[in-house]
Amino acid sequence: MREGVFSDGRTVSISGNLEEIRDLGGLKFAIIRDFEGRVQVVLSKKFSDPQLMSALDSTPRESVVRVEGVCRSDARAPSGFELKPTKYEVISRAQSPLPIDVAGKTETSLDLRLDWRFLDLRRPEVSAIFRIQSKLGLAVRKFFEDRNFFEIHTSKIVGQATEGGANVFPIFYFKRSAYLAQSPQFYKQMMIAAGFERVWEMGPVFRAEPHHTPRHICEYVSIDLEMGYIKTYDDVMRTVEDLMVSCIAYLLENAQDEIAVLTSTQAMGEEISLPAKPFPRVSMREAYSMLAERGLSIPYGSDLDPAGERALGEAVKEKYGNEFVFLTEFPWSVAQFYHMRKEDEPDWTNRADLIFRGLELCTLAQREHRYHTLVEQTKEKGLNPSDFEFYLNFFKYGVPPHGGGALGIERIVMQLLGLKTIREAVLLPRTPERLTP
RNA sequence: GCCCAAGUCGUCUAGGUCGGUCUAGGAUAGGGGACUGUCACUCCUCUGACCCGGGUUCAAAUCCCGGCUUGGGCGCCA
(Lines give C-alpha, C1' and ligand atoms only; values in the text may rest on other atoms or scores of the structure.)
Protein backbone atom coordinates (compact mmCIF):
# COMPACT_ATOMS: atom_id res chain seq x y z
CA MET A 1 0.00 0.00 0.00
CA ARG A 2 1.63 3.21 -1.15
CA GLU A 3 0.86 6.86 -0.67
CA GLY A 4 2.36 9.73 -2.59
CA VAL A 5 4.19 10.05 -5.87
CA PHE A 6 7.34 7.95 -5.95
CA SER A 7 9.66 10.41 -7.63
CA ASP A 8 12.89 12.03 -6.53
CA GLY A 9 12.60 14.28 -3.49
CA ARG A 10 8.93 13.55 -2.72
CA THR A 11 7.76 12.46 0.71
CA VAL A 12 5.96 9.17 0.35
CA SER A 13 5.02 6.14 2.43
CA ILE A 14 4.82 2.43 1.99
CA SER A 15 2.98 -0.04 4.16
CA GLY A 16 3.67 -3.74 3.79
CA ASN A 17 5.63 -6.72 5.02
CA LEU A 18 9.19 -6.31 6.22
CA GLU A 19 10.81 -8.87 3.98
CA GLU A 20 14.43 -8.56 4.98
CA ILE A 21 17.01 -6.37 6.65
CA ARG A 22 20.51 -6.43 5.25
CA ASP A 23 22.63 -5.09 8.07
CA LEU A 24 26.06 -3.87 7.02
CA GLY A 25 26.84 -2.28 10.35
CA GLY A 26 26.54 1.46 9.98
CA LEU A 27 24.44 0.98 6.88
CA LYS A 28 21.23 -1.02 6.68
CA PHE A 29 18.89 -1.90 3.87
CA ALA A 30 15.33 -2.93 4.60
CA ILE A 31 13.09 -4.43 1.95
CA ILE A 32 9.37 -3.69 2.30
CA ARG A 33 7.01 -5.71 0.15
CA ASP A 34 3.49 -4.69 -0.78
CA PHE A 35 1.12 -6.07 -3.42
CA GLU A 36 2.79 -3.90 -6.04
CA GLY A 37 6.31 -5.12 -5.39
CA ARG A 38 9.35 -4.33 -3.27
CA VAL A 39 10.72 -1.03 -2.06
CA GLN A 40 14.19 -0.59 -0.57
CA VAL A 41 14.59 1.53 2.53
CA VAL A 42 18.08 2.77 3.33
CA LEU A 43 19.32 3.68 6.81
CA SER A 44 22.71 5.00 7.82
CA LYS A 45 24.40 6.11 11.04
CA LYS A 46 25.22 9.26 9.10
CA PHE A 47 21.73 10.45 8.33
CA SER A 48 19.18 8.27 10.13
CA ASP A 49 17.55 8.65 13.51
CA PRO A 50 19.23 6.06 15.84
CA GLN A 51 15.89 5.25 17.51
CA LEU A 52 14.32 4.55 14.15
CA MET A 53 17.26 2.32 13.22
CA SER A 54 17.05 0.22 16.34
CA ALA A 55 13.27 0.01 16.10
CA LEU A 56 13.64 -1.43 12.62
CA ASP A 57 16.42 -3.72 13.77
CA SER A 58 14.23 -5.33 16.38
CA THR A 59 11.28 -5.91 14.04
CA PRO A 60 10.84 -9.58 13.09
CA ARG A 61 10.68 -10.29 9.38
CA GLU A 62 7.23 -10.36 7.74
CA SER A 63 5.80 -7.93 10.29
CA VAL A 64 3.45 -5.38 8.77
CA VAL A 65 5.15 -1.99 8.95
CA ARG A 66 4.74 1.52 7.62
CA VAL A 67 7.67 3.61 6.49
CA GLU A 68 7.36 7.26 5.64
CA GLY A 69 10.29 9.01 4.07
CA VAL A 70 11.86 10.80 1.20
CA CYS A 71 11.99 9.03 -2.14
CA ARG A 72 15.42 9.24 -3.74
CA SER A 73 16.53 8.13 -7.15
CA ASP A 74 19.62 5.98 -6.91
CA ALA A 75 20.97 3.69 -9.59
CA ARG A 76 22.33 1.39 -6.88
CA ALA A 77 18.82 0.62 -5.58
CA PRO A 78 17.17 -2.45 -7.12
CA SER A 79 14.19 -0.53 -8.48
CA GLY A 80 16.12 2.66 -9.24
CA PHE A 81 14.83 4.47 -6.18
CA GLU A 82 14.88 4.05 -2.42
CA LEU A 83 13.36 5.57 0.69
CA LYS A 84 15.18 7.51 3.39
CA PRO A 85 12.80 7.07 6.29
CA THR A 86 11.63 9.81 8.59
CA LYS A 87 8.90 7.82 10.33
CA TYR A 88 8.70 4.13 11.15
CA GLU A 89 5.78 2.26 12.63
CA VAL A 90 5.23 -1.43 13.35
CA ILE A 91 1.56 -1.93 12.53
CA SER A 92 1.46 -5.65 13.30
CA ARG A 93 4.35 -7.62 14.69
CA ALA A 94 5.04 -11.10 13.28
CA GLN A 95 6.00 -14.01 15.49
CA SER A 96 9.24 -15.73 14.74
CA PRO A 97 10.47 -18.03 13.46
CA LEU A 98 7.98 -18.30 10.61
CA PRO A 99 6.41 -21.72 10.04
CA ILE A 100 7.47 -21.70 6.39
CA ASP A 101 10.26 -19.96 4.54
CA VAL A 102 8.56 -16.95 2.97
CA ALA A 103 11.85 -15.55 1.67
CA GLY A 104 12.24 -18.65 -0.52
CA LYS A 105 15.80 -19.45 0.60
CA THR A 106 14.81 -23.04 1.24
CA GLU A 107 12.12 -24.86 -0.70
CA THR A 108 9.10 -25.69 1.46
CA SER A 109 6.94 -28.71 0.66
CA LEU A 110 3.67 -27.88 -1.05
CA ASP A 111 1.68 -29.53 1.70
CA LEU A 112 3.11 -27.27 4.37
CA ARG A 113 2.85 -24.26 2.08
CA LEU A 114 -0.84 -24.97 1.71
CA ASP A 115 -1.22 -25.28 5.48
CA TRP A 116 0.16 -21.73 5.68
CA ARG A 117 -1.26 -20.53 2.40
CA PHE A 118 -1.61 -16.89 3.50
CA LEU A 119 2.13 -16.79 4.16
CA ASP A 120 2.94 -18.72 1.01
CA LEU A 121 0.92 -16.25 -1.06
CA ARG A 122 3.10 -13.40 0.13
CA ARG A 123 5.75 -14.72 -2.23
CA PRO A 124 5.46 -12.76 -5.50
CA GLU A 125 6.05 -15.87 -7.62
CA VAL A 126 3.13 -17.56 -5.88
CA SER A 127 0.74 -14.64 -6.08
CA ALA A 128 1.72 -14.20 -9.75
CA ILE A 129 -0.08 -17.47 -10.52
CA PHE A 130 -3.31 -16.05 -9.17
CA ARG A 131 -2.86 -12.66 -10.78
CA ILE A 132 -2.62 -14.54 -14.05
CA GLN A 133 -5.67 -16.61 -13.14
CA SER A 134 -7.59 -13.43 -12.40
CA LYS A 135 -6.60 -11.94 -15.74
CA LEU A 136 -7.55 -15.16 -17.47
CA GLY A 137 -11.00 -14.75 -15.95
CA LEU A 138 -11.20 -11.23 -17.38
CA ALA A 139 -10.15 -12.51 -20.79
CA VAL A 140 -12.84 -15.18 -20.68
CA ARG A 141 -15.52 -12.68 -19.78
CA LYS A 142 -14.38 -10.31 -22.51
CA PHE A 143 -14.40 -13.13 -25.05
CA PHE A 144 -17.98 -14.20 -24.32
CA GLU A 145 -19.19 -10.63 -24.15
CA ASP A 146 -17.72 -9.91 -27.59
CA ARG A 147 -19.57 -12.90 -29.01
CA ASN A 148 -22.95 -12.18 -27.50
CA PHE A 149 -22.97 -15.09 -25.11
CA PHE A 150 -25.34 -14.60 -22.22
CA GLU A 151 -23.86 -15.11 -18.77
CA ILE A 152 -25.87 -17.30 -16.43
CA HIS A 153 -25.53 -18.45 -12.83
CA THR A 154 -27.01 -21.85 -12.12
CA SER A 155 -27.56 -23.49 -8.77
CA LYS A 156 -24.78 -25.50 -7.22
CA ILE A 157 -27.23 -27.32 -4.95
CA VAL A 158 -29.00 -29.97 -6.93
CA GLY A 159 -31.66 -32.53 -6.16
CA GLN A 160 -30.26 -35.31 -8.25
CA ALA A 161 -26.93 -36.36 -9.67
CA THR A 162 -26.49 -35.34 -13.30
CA GLU A 163 -23.84 -37.35 -15.09
CA GLY A 164 -22.80 -40.88 -14.54
CA GLY A 165 -19.22 -41.65 -13.66
CA ALA A 166 -18.16 -38.83 -11.42
CA ASN A 167 -19.18 -39.18 -7.81
CA VAL A 168 -21.18 -36.51 -6.08
CA PHE A 169 -21.01 -34.97 -2.64
CA PRO A 170 -24.26 -35.57 -0.76
CA ILE A 171 -25.40 -32.74 1.49
CA PHE A 172 -28.32 -32.10 3.84
CA TYR A 173 -30.94 -29.76 2.43
CA PHE A 174 -33.23 -29.23 5.39
CA LYS A 175 -34.92 -32.61 5.74
CA ARG A 176 -34.06 -33.87 2.28
CA SER A 177 -30.85 -35.10 0.73
CA ALA A 178 -29.27 -33.10 -2.07
CA TYR A 179 -25.93 -32.91 -3.86
CA LEU A 180 -23.29 -30.38 -4.79
CA ALA A 181 -23.40 -29.83 -8.55
CA GLN A 182 -20.73 -31.68 -10.49
CA SER A 183 -21.51 -29.78 -13.70
CA PRO A 184 -23.91 -27.04 -14.79
CA GLN A 185 -24.43 -28.87 -18.05
CA PHE A 186 -28.11 -29.77 -17.74
CA TYR A 187 -28.92 -26.24 -16.62
CA LYS A 188 -26.99 -24.75 -19.53
CA GLN A 189 -29.06 -26.89 -21.86
CA MET A 190 -32.18 -25.85 -20.01
CA MET A 191 -31.36 -22.24 -20.86
CA ILE A 192 -30.98 -23.19 -24.51
CA ALA A 193 -34.45 -24.67 -24.26
CA ALA A 194 -35.47 -21.38 -22.66
CA GLY A 195 -34.42 -19.60 -25.85
CA PHE A 196 -31.20 -18.02 -24.57
CA GLU A 197 -29.36 -19.18 -27.72
CA ARG A 198 -25.82 -18.90 -26.36
CA VAL A 199 -24.90 -19.08 -22.69
CA TRP A 200 -21.80 -19.28 -20.57
CA GLU A 201 -20.99 -19.61 -16.92
CA MET A 202 -17.89 -19.62 -14.76
CA GLY A 203 -18.33 -21.18 -11.36
CA PRO A 204 -17.39 -23.93 -8.97
CA VAL A 205 -18.19 -27.59 -9.52
CA PHE A 206 -17.64 -30.48 -7.16
CA ARG A 207 -16.32 -33.98 -7.77
CA ALA A 208 -16.17 -36.54 -5.00
CA GLU A 209 -13.50 -38.65 -6.64
CA PRO A 210 -10.74 -40.03 -4.45
CA HIS A 211 -7.98 -39.29 -6.95
CA HIS A 212 -4.37 -38.86 -6.02
CA THR A 213 -3.02 -37.22 -9.13
CA PRO A 214 -1.42 -33.87 -9.97
CA ARG A 215 -4.43 -32.96 -12.15
CA HIS A 216 -7.46 -33.63 -9.93
CA ILE A 217 -9.11 -31.62 -7.20
CA CYS A 218 -12.51 -32.05 -5.59
CA GLU A 219 -13.64 -28.50 -6.24
CA TYR A 220 -12.65 -26.53 -9.30
CA VAL A 221 -13.80 -23.59 -11.37
CA SER A 222 -15.48 -24.62 -14.58
CA ILE A 223 -15.82 -22.41 -17.64
CA ASP A 224 -18.97 -23.66 -19.30
CA LEU A 225 -20.49 -22.72 -22.61
CA GLU A 226 -23.50 -23.90 -24.56
CA MET A 227 -24.44 -22.84 -28.10
CA GLY A 228 -27.79 -23.17 -29.79
CA TYR A 229 -28.37 -23.48 -33.55
CA ILE A 230 -25.03 -25.14 -34.25
CA LYS A 231 -24.60 -26.97 -37.54
CA THR A 232 -22.01 -29.43 -36.29
CA TYR A 233 -19.95 -29.79 -33.16
CA ASP A 234 -17.10 -28.18 -35.06
CA ASP A 235 -18.91 -24.89 -34.30
CA VAL A 236 -18.21 -25.61 -30.63
CA MET A 237 -14.62 -26.61 -31.36
CA ARG A 238 -14.00 -23.38 -33.24
CA THR A 239 -15.40 -21.38 -30.33
CA VAL A 240 -13.24 -23.19 -27.79
CA GLU A 241 -10.25 -22.74 -30.07
CA ASP A 242 -10.93 -19.01 -30.39
CA LEU A 243 -11.42 -18.79 -26.64
CA MET A 244 -8.05 -20.37 -25.91
CA VAL A 245 -6.20 -18.26 -28.46
CA SER A 246 -7.78 -15.01 -27.32
CA CYS A 247 -7.09 -15.80 -23.66
CA ILE A 248 -3.44 -16.57 -24.34
CA ALA A 249 -3.13 -13.44 -26.48
CA TYR A 250 -4.68 -11.42 -23.66
CA LEU A 251 -2.20 -12.80 -21.12
CA LEU A 252 0.78 -12.23 -23.38
CA GLU A 253 -0.39 -8.65 -23.69
CA ASN A 254 -1.57 -7.94 -20.15
CA ALA A 255 0.28 -10.26 -17.81
CA GLN A 256 3.86 -9.62 -18.86
CA ASP A 257 4.97 -8.61 -15.36
CA GLU A 258 3.53 -11.74 -13.76
CA ILE A 259 5.00 -13.96 -16.46
CA ALA A 260 8.36 -12.25 -15.95
CA VAL A 261 8.22 -12.91 -12.19
CA LEU A 262 7.51 -16.58 -12.80
CA THR A 263 10.19 -16.89 -15.44
CA SER A 264 12.87 -15.17 -13.36
CA THR A 265 12.25 -17.38 -10.33
CA GLN A 266 12.06 -20.51 -12.45
CA ALA A 267 8.64 -21.20 -11.02
CA MET A 268 7.38 -21.60 -14.56
CA GLY A 269 8.08 -24.81 -16.42
CA GLU A 270 6.96 -23.74 -19.89
CA GLU A 271 7.22 -20.83 -22.28
CA ILE A 272 3.94 -19.25 -23.33
CA SER A 273 3.42 -18.74 -27.03
CA LEU A 274 0.40 -18.00 -29.15
CA PRO A 275 -0.89 -21.24 -30.70
CA ALA A 276 -1.77 -21.40 -34.39
CA LYS A 277 -5.36 -21.88 -35.54
CA PRO A 278 -6.97 -24.14 -36.40
CA PHE A 279 -5.90 -26.69 -33.79
CA PRO A 280 -5.32 -30.10 -35.34
CA ARG A 281 -8.32 -32.45 -35.26
CA VAL A 282 -7.53 -36.09 -34.70
CA SER A 283 -10.33 -38.62 -34.58
CA MET A 284 -10.24 -41.36 -31.99
CA ARG A 285 -9.76 -43.90 -34.76
CA GLU A 286 -6.74 -41.95 -36.04
CA ALA A 287 -5.43 -41.65 -32.50
CA TYR A 288 -5.49 -45.42 -32.02
CA SER A 289 -3.25 -45.92 -35.04
CA MET A 290 -1.01 -42.93 -34.25
CA LEU A 291 -0.41 -44.37 -30.82
CA ALA A 292 0.04 -47.89 -32.19
CA GLU A 293 2.85 -46.51 -34.36
CA ARG A 294 4.47 -45.33 -31.14
CA GLY A 295 4.08 -48.75 -29.58
CA LEU A 296 1.19 -47.78 -27.36
CA SER A 297 -1.77 -50.09 -27.69
CA ILE A 298 -5.16 -48.63 -26.77
CA PRO A 299 -8.07 -51.07 -27.05
CA TYR A 300 -10.21 -50.11 -30.05
CA GLY A 301 -13.33 -48.32 -28.91
CA SER A 302 -12.04 -47.25 -25.50
CA ASP A 303 -10.92 -43.88 -24.15
CA LEU A 304 -7.26 -42.90 -23.96
CA ASP A 305 -5.50 -43.39 -20.66
CA PRO A 306 -3.30 -40.58 -19.26
CA ALA A 307 -0.19 -42.07 -20.88
CA GLY A 308 -2.10 -42.16 -24.19
CA GLU A 309 -3.06 -38.50 -23.85
CA ARG A 310 0.52 -37.51 -23.21
CA ALA A 311 1.81 -39.59 -26.11
CA LEU A 312 -0.84 -38.18 -28.44
CA GLY A 313 0.12 -34.66 -27.39
CA GLU A 314 3.73 -35.39 -28.35
CA ALA A 315 2.82 -37.11 -31.61
CA VAL A 316 0.61 -34.19 -32.66
CA LYS A 317 3.25 -31.66 -31.73
CA GLU A 318 5.77 -33.48 -33.92
CA LYS A 319 3.38 -33.92 -36.81
CA TYR A 320 1.54 -30.57 -36.77
CA GLY A 321 3.72 -28.40 -34.53
CA ASN A 322 0.80 -27.52 -32.27
CA GLU A 323 0.55 -28.06 -28.52
CA PHE A 324 -3.24 -28.19 -28.79
CA VAL A 325 -5.24 -30.98 -30.35
CA PHE A 326 -8.92 -31.82 -30.58
CA LEU A 327 -9.50 -35.51 -30.11
CA THR A 328 -12.76 -36.07 -31.99
CA GLU A 329 -15.41 -38.72 -32.67
CA PHE A 330 -15.42 -40.50 -29.35
CA PRO A 331 -16.75 -44.05 -29.41
CA TRP A 332 -20.37 -44.44 -28.37
CA SER A 333 -19.24 -47.07 -25.87
CA VAL A 334 -17.55 -44.46 -23.67
CA ALA A 335 -20.00 -41.62 -24.44
CA GLN A 336 -22.87 -40.38 -22.27
CA PHE A 337 -26.52 -40.96 -23.18
CA TYR A 338 -26.98 -37.30 -24.13
CA HIS A 339 -24.16 -37.21 -26.71
CA MET A 340 -25.26 -37.04 -30.33
CA ARG A 341 -24.09 -39.94 -32.46
CA LYS A 342 -22.72 -39.57 -35.94
CA GLU A 343 -25.52 -39.76 -38.47
CA ASP A 344 -23.85 -42.34 -40.70
CA GLU A 345 -21.76 -44.18 -38.08
CA PRO A 346 -23.75 -44.64 -34.86
CA ASP A 347 -20.83 -46.32 -33.11
CA TRP A 348 -19.09 -42.94 -32.99
CA THR A 349 -20.25 -39.64 -31.53
CA ASN A 350 -20.02 -35.90 -32.00
CA ARG A 351 -17.94 -35.57 -28.88
CA ALA A 352 -14.41 -34.21 -28.63
CA ASP A 353 -11.77 -33.44 -26.02
CA LEU A 354 -9.28 -30.61 -26.18
CA ILE A 355 -5.84 -31.80 -25.16
CA PHE A 356 -3.13 -29.26 -24.33
CA ARG A 357 0.41 -30.46 -23.67
CA GLY A 358 -0.89 -33.95 -23.07
CA LEU A 359 -3.68 -33.07 -20.65
CA GLU A 360 -7.41 -32.90 -21.18
CA LEU A 361 -8.54 -29.29 -20.84
CA CYS A 362 -12.02 -29.43 -22.25
CA THR A 363 -14.76 -31.89 -23.07
CA LEU A 364 -17.31 -30.77 -25.62
CA ALA A 365 -20.09 -32.34 -27.63
CA GLN A 366 -23.17 -31.86 -29.67
CA ARG A 367 -26.15 -32.89 -27.51
CA GLU A 368 -28.89 -35.14 -28.73
CA HIS A 369 -31.91 -32.85 -28.88
CA ARG A 370 -34.42 -35.17 -30.59
CA TYR A 371 -36.66 -36.36 -27.78
CA HIS A 372 -37.34 -39.89 -28.95
CA THR A 373 -33.74 -40.58 -29.93
CA LEU A 374 -32.64 -39.28 -26.54
CA VAL A 375 -35.06 -41.55 -24.69
CA GLU A 376 -33.80 -44.50 -26.73
CA GLN A 377 -30.19 -43.66 -25.91
CA THR A 378 -31.03 -43.38 -22.24
CA LYS A 379 -32.39 -46.92 -22.32
CA GLU A 380 -29.46 -48.13 -24.40
CA LYS A 381 -27.09 -46.90 -21.69
CA GLY A 382 -29.05 -48.93 -19.16
CA LEU A 383 -30.58 -45.88 -17.49
CA ASN A 384 -34.18 -45.37 -16.51
CA PRO A 385 -35.70 -42.45 -18.48
CA SER A 386 -37.98 -41.60 -15.57
CA ASP A 387 -34.91 -40.77 -13.47
CA PHE A 388 -34.07 -38.08 -16.02
CA GLU A 389 -37.55 -36.78 -16.57
CA PHE A 390 -36.58 -33.23 -15.61
CA TYR A 391 -33.85 -33.28 -18.27
CA LEU A 392 -35.84 -35.09 -20.94
CA ASN A 393 -38.64 -32.54 -20.59
CA PHE A 394 -36.35 -29.86 -22.09
CA PHE A 395 -36.67 -31.66 -25.41
CA LYS A 396 -40.44 -32.07 -25.54
CA TYR A 397 -41.44 -28.51 -26.35
CA GLY A 398 -39.03 -27.35 -29.01
CA VAL A 399 -35.29 -26.97 -28.60
CA PRO A 400 -32.72 -26.01 -31.23
CA PRO A 401 -29.78 -28.25 -32.05
CA HIS A 402 -27.04 -27.34 -29.62
CA GLY A 403 -23.70 -28.27 -28.16
CA GLY A 404 -21.26 -27.04 -25.62
CA GLY A 405 -18.34 -27.82 -23.44
CA ALA A 406 -16.51 -27.13 -20.22
CA LEU A 407 -12.96 -26.20 -19.32
CA GLY A 408 -11.27 -26.27 -15.94
CA ILE A 409 -9.67 -22.88 -15.32
CA GLU A 410 -7.05 -24.37 -12.98
CA ARG A 411 -5.98 -26.86 -15.61
CA ILE A 412 -5.55 -24.07 -18.13
CA VAL A 413 -3.34 -22.14 -15.72
CA MET A 414 -1.44 -25.27 -14.72
CA GLN A 415 -0.66 -26.30 -18.28
CA LEU A 416 0.01 -22.80 -19.52
CA LEU A 417 2.53 -22.09 -16.76
CA GLY A 418 3.91 -25.61 -16.65
CA LEU A 419 3.07 -26.09 -12.96
CA LYS A 420 3.83 -29.50 -11.50
CA THR A 421 0.47 -29.92 -9.83
CA ILE A 422 -2.96 -28.39 -10.12
CA ARG A 423 -2.87 -27.64 -6.40
CA GLU A 424 -0.39 -24.86 -7.22
CA ALA A 425 -3.10 -23.28 -9.38
CA VAL A 426 -5.79 -23.20 -6.67
CA LEU A 427 -5.79 -20.77 -3.77
CA LEU A 428 -7.41 -23.27 -1.45
CA PRO A 429 -7.29 -26.72 -3.00
CA ARG A 430 -9.72 -29.39 -1.91
CA THR A 431 -8.43 -32.92 -2.24
CA PRO A 432 -9.65 -36.09 -0.53
CA GLU A 433 -7.08 -35.37 2.19
CA ARG A 434 -7.37 -31.63 2.44
CA LEU A 435 -10.38 -29.69 3.69
CA THR A 436 -8.48 -26.83 5.34
CA PRO A 437 -7.60 -24.01 5.31
C1' G B 1 -11.06 -48.23 -4.29
C1' C B 2 -6.27 -50.78 -5.70
C1' C B 3 -0.76 -50.55 -6.11
C1' C B 4 4.05 -48.22 -4.91
C1' A B 5 7.16 -44.83 -2.15
C1' A B 6 8.45 -41.47 1.79
C1' G B 7 8.31 -39.29 7.03
C1' U B 8 15.32 -36.49 10.58
C1' C B 9 16.15 -29.11 13.92
C1' G B 10 10.98 -23.66 12.45
C1' U B 11 12.17 -24.86 6.94
C1' C B 12 15.03 -27.90 3.14
C1' U B 13 18.12 -31.95 3.45
C1' A B 14 22.75 -35.74 4.56
C1' G B 15 23.02 -40.39 7.15
C1' G B 16 19.73 -45.68 6.64
C1' U B 17 21.76 -50.96 1.88
C1' C B 18 26.39 -53.12 5.95
C1' G B 19 22.60 -51.73 13.45
C1' G B 20 27.86 -49.67 17.23
C1' U B 21 32.93 -42.54 17.07
C1' C B 22 25.54 -40.36 15.04
C1' U B 23 27.50 -37.20 21.41
C1' A B 24 22.84 -37.18 14.23
C1' G B 25 26.31 -33.49 9.64
C1' G B 26 25.09 -29.22 6.29
C1' A B 27 22.11 -25.14 4.48
C1' U B 28 18.49 -21.64 5.71
C1' A B 29 15.65 -19.41 9.60
C1' G B 30 16.19 -17.78 15.03
C1' G B 31 19.54 -15.47 19.47
C1' G B 32 24.38 -12.79 20.22
C1' G B 33 28.62 -10.22 17.89
C1' A B 34 31.70 -7.65 13.61
C1' C B 35 31.06 -4.94 9.13
C1' U B 36 28.94 2.08 5.17
C1' G B 37 25.97 0.25 -1.05
C1' U B 38 23.62 -4.52 0.18
C1' C B 39 20.44 -6.85 -3.48
C1' A B 40 20.54 -15.29 -1.79
C1' C B 41 25.34 -9.45 1.70
C1' U B 42 29.67 -11.56 4.12
C1' C B 43 32.23 -13.40 8.55
C1' C B 44 32.43 -15.36 13.86
C1' U B 45 29.39 -17.70 17.61
C1' C B 46 25.22 -20.07 20.10
C1' U B 47 20.33 -22.59 20.23
C1' G B 48 17.58 -26.29 17.76
C1' A B 49 15.42 -32.70 15.05
C1' C B 50 15.33 -39.00 14.12
C1' C B 51 6.18 -39.23 12.93
C1' C B 52 3.56 -42.55 16.78
C1' G B 53 3.16 -47.51 19.06
C1' G B 54 5.06 -52.36 19.44
C1' G B 55 8.90 -56.08 18.17
C1' U B 56 14.06 -58.20 17.07
C1' U B 57 18.96 -57.24 19.41
C1' C B 58 24.06 -56.58 24.20
C1' A B 59 22.89 -52.23 21.05
C1' A B 60 17.78 -49.23 16.52
C1' A B 61 17.46 -42.76 13.15
C1' U B 62 19.03 -47.42 10.63
C1' C B 63 15.95 -54.00 10.56
C1' C B 64 10.53 -56.08 11.13
C1' C B 65 5.05 -55.29 12.12
C1' G B 66 0.91 -51.98 12.87
C1' G B 67 -1.01 -47.00 12.88
C1' C B 68 -1.04 -41.96 11.28
C1' U B 69 0.43 -38.36 7.65
C1' U B 70 2.17 -37.16 2.87
C1' G B 71 3.66 -37.91 -2.29
C1' G B 72 3.18 -40.71 -6.91
C1' G B 73 0.79 -44.39 -10.36
C1' C B 74 -3.95 -46.68 -12.05
C1' G B 75 -9.24 -46.67 -12.74
C1' C B 76 -12.17 -41.94 -13.61
C1' C B 77 -12.16 -37.10 -15.13
C1' A B 78 -11.93 -30.91 -16.36
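Residues numbered from 1 in each chain as written. Chains lettered and ligands numbered in written order. Predicted model: local features only at pLDDT ≥ 70, side-chain atom pairs only at ≥ 80, totals over all residues. Heavy atoms only, no water.

Student: Any chance you could break down the sheet that holds strand 14 (residues 324–328) for me, citing the residues and the numbers?
Tutor: Pairing within the open sheet is mixed, and its eight strands lie in the order 7-11-12-17-16-15-14-13. On the outer flanks of this sheet lie strand 7 (150–151) and strand 13 (281–283), each paired with one strand and no other. Relative to strand 15 (residues 351–356), strand 14 is paired through four bridges, and the arrangement is antiparallel. Pairing of Val-325 across the sheet is with Ile-355, part of strand 15. (Pairing = 2+ DSSP bridges. Helix = DSSP H or I, 4+ residues; strand = E, 2+ residues; numbered from the N terminus.)

Student: Lay out the sheet that holds strand 8 (residues 157–158) in plain terms, naming residues and giving numbers.
Tutor: As summarised here, the arrangement of the three strands in space is 8-10-9, forming an open sheet in which the pairing is antiparallel. The sheet is open, and its two edges are formed by strand 8 and strand 9 (170–173), each paired on a single side. The pairing of strand 8 with strand 10 (residues 176–180) spans two bridges and is antiparallel. Opposite Val-158, over in strand 10, you have Tyr-179 as the bridge partner.

Student: How would you summarise the environment of Arg-61 if you had to cite specific residues and measurements?
Tutor: Inspection of the secondary structure puts Arg-61 in the loop between helix 1 (50–57) and strand 5 (64–73). When the C-alpha positions of Arg-61 and Ile-32 are compared, they lie 9.8 Å apart, and in sequence the two are 29 residues distant. Residues in contact with Arg-61, not counting those within four places in the same chain, are Leu-18, Glu-19, Glu-20, Ala-94, Leu-98 and Ala-103. (Contact = heavy atoms within 4.5 Å.)

Student: Describe the pairing of strand 6 (residues 81–92), naming the residues involved and giving the relevant values.
Tutor: Judged from the two bridges that link them, strand 4 (residues 38–44) and strand 6 form a sheet pairing that is parallel. By the bridge assignment, Val-41 is partnered in strand 6 with Leu-83. Bridge analysis of strand 5 against strand 6 gives ten bridges, and the strand direction is antiparallel. Across the sheet, Val-64 pairs through a bridge with Ser-92, a residue of strand 6.

Student: Could you give an account of the packing of helix 4 (residues 124–146) against helix 7 (residues 256–264), naming the residues involved and the relevant values?
Tutor: Direction vectors running N to C along helix 4 and helix 7 enclose 145°, while the axes themselves pass 9 Å from each other. Between helix 4 and helix 7 lies a crossing of left-handed hand. The segment helix 4 lies against helix 7, with Pro-124, Glu-125, Ala-128, Ile-129, Arg-131, Ile-132 and Lys-135 engaging Glu-258, Ile-259, Val-261 and Leu-262. Here the contact of helix 4 with helix 7 is composed, by residue class, of seven nonpolar, no polar and four charged. (Axes fitted to C-alpha atoms, helices over the stretch in contact; angles between N-to-C directions. Left-handed = near helix turned anticlockwise from the far one by under 90°. Nonpolar A, V, L, I, M, F, W, Y, C, P; charged D, E, K, R; others polar.)

Student: Can you tell me about the protein's contact with RNA strand B, naming the residues and giving the values?
Tutor: Neighbouring RNA strand B are 54 residues; Glu-20, Asp-23, His-211, Leu-361 and Arg-411 lie closest to it. Put simply, 54% of the atoms of RNA strand B that lie within 4 Å of the protein are in sugar or phosphate. In the environment of RNA strand B, a base oxygen lies 2.8 Å from a nitrogen or oxygen atom belonging to the side chain of Gln-40. In this structure, a sugar or linking oxygen belonging to RNA strand B sits 3.0 Å away from a main-chain N or O atom of Glu-107. The set of elements that each furnish at least two residues to the surface near RNA strand B consists of strand 2 (11–23), strand 3 (27–33), strand 4, helix 2 (110–115), helix 9 (306–320) and strand 16 (359–366). When residues of the surface near RNA strand B are assigned to their parent elements, the largest contribution, four residues, is made by strand 16. Each residue belonging to the surface near RNA strand B can be placed in one class, and the counts come to 18 nonpolar, 13 polar and 23 charged. (Near = heavy atom within 4 Å. Polar contact = N/O pair within 3.5 Å; in protein donor to acceptor, adjacent residues only side chain to side chain.)

Student: Describe unusual backbone geometry, listing the residues and the values that go with them.
Tutor: The step from Ser-96 to Pro-97 runs through a cis peptide bond, and the omega angle for that step is 0°. Along the chain, the position of Pro-97 falls in the loop between strand 6 and helix 2. Omega for the peptide link from Lys-277 to Pro-278 comes to -5°, which places this bond in the cis form. Backbone geometry places Asn-148, a non-glycine residue, at a positive phi of 60°. As for its placement among the helices and strands, Asn-148 is situated in the loop between helix 4 and strand 7. A positive phi is found at Glu-329, a non-glycine position, where the angle reads about 50°. With respect to the helices, strands and loops of the structure, Glu-329 is situated in the loop between strand 14 and strand 15. A relative accessible area of 17% means that Glu-329 is categorised as buried. (Buried < 20%, exposed > 50% of the residue type's maximum accessible area, 1.4 Å probe, protein only.)

Student: Kindly report on helix 7, identifying the contributing residues and their values.
Tutor: Along helix 7, the residues classified as buried are Glu-258, Ile-259 and Leu-262. Looking straight down helix 7, one finds its buried side chains confined to an arc of 100°; they lie on one side. Exposed and oriented more than 90 degrees from the buried face of helix 7 are Gln-256, Asp-257 and Ser-264. Each element contacted by the buried residues of helix 7 is listed here: helix 4, helix 6 (234–254) and helix 12 (409–417). (Arc of directions from axis to C-beta.)

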